[in-house]
Amino acid sequence: LGNEPLEISKISIIGQNANQFRILYPTQGLNLTSKAKDSIVVRYQPTVNGNSSAKILIENNSQNPNIEINLTGTRLKGELKFKPAFLDFGLTQT
């Protein structure tokens, strides 16, 4: 907090399941003026069932140069079934 601009040099995802998460925005560093706001957009794309955890690492020029934010997600095992298993539309003229 203060009146100086915040320079975010890098935003990355770290941790055991970092490959299950992806940063969509911003794709590079940011400069924020005093009292400015912005967002970090993360997509959870699990490739395995169960729980995943990682952290967003924000490298910046503040008094706390490495800020970490916890991420968690759960992929549930799912199965699609269709009833009826197929549809017969009969003969159609095209």
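See the structure shown above.
Because the structure is a prediction, the values reported are computed rather than measured.

Asks: Mind showing me how you'd approach the nonpolar core here?
Replies: As a rule of thumb, nonpolar side chains are buried together in soluble globular proteins. Counting 12 residues, the largest nonpolar core is built from Ile-8, Ile-11, Ile-13, Ala-18, Phe-21, Ile-23, Leu-30, Leu-32, Ala-54, Ile-56, Ile-58 and Leu-71. For this core, the secondary structure elements donating two or more residues are strand S1 (6–14), strand S2 (21–25), strand S3 (30–32) and strand S5 (50–60). Not counting the four nearest positions on each side in its chain, Ile-56 is found in contact with Ile-11, Ser-12, Ile-40, Val-42, Ile-67, Glu-68, Ile-69 and Leu-71.

Asks: Got a minute to help me understand the sheet that holds S1 in this structure?
Replies: One key point about sheets: their strands pair by backbone hydrogen bonds, in either a parallel or an antiparallel sense. Spatial ordering of the open sheet is given by S3-S1-S5-S6, a layout of four strands whose pairing is antiparallel. What marks the edges here is a single partner per strand, and that holds for S3 and strand S6 (66–75). Taken pair by pair, the neighbouring strands of this sheet meet at an average axis angle of 30°, ignoring direction. The sheet contact formed by S1 and S5 spans six bridges and is antiparallel.

Asks: Sorry, what's going on with the packing of aromatic side chains here?
Replies: Two numbers describe a pair of aromatic rings. These are the distance of the centres and the angle of the planes. In this structure the tally under the stated criterion is one aromatic pair. For the pair Phe-21 and Tyr-44, a centre-to-centre distance of 4.9 Å together with 35° between the ring planes defines the contact as tilted. A residue pair is termed long-range when its members are at least 10 positions apart, and Phe-21 in strand S2 and Tyr-44 in strand S4 (residues 41–44) qualify at 23 residues. Classification of Phe-21 as buried rests on a relative accessible area of 8%.

Conventions we followed
- Residues numbered from 1 in each chain as written.
- Predicted model: local features only at pLDDT ≥ 70, side-chain atom pairs only at ≥ 80, totals over all residues.
- Heavy atoms only, no water.
- Core = buried A, V, L, I, M, F, W, Y, C linked by side-chain atoms within 4.5 Å.
- Buried < 20%, exposed > 50% of the residue type's maximum accessible area, 1.4 Å probe, protein only.
- Helix = DSSP H or I, 4+ residues; strand = E, 2+ residues; numbered from the N terminus.
- Contact = heavy atoms within 4.5 Å.
- Pairing = 2+ DSSP bridges.
- Axes fitted to C-alpha atoms, helices over the stretch in contact; angles between N-to-C directions.
- Phe/Tyr/Trp six-rings, centres within 6.5 Å; stacked < 30°, edge-to-face > 60°.

All we've got here are geometric facts, nothing functional implied.
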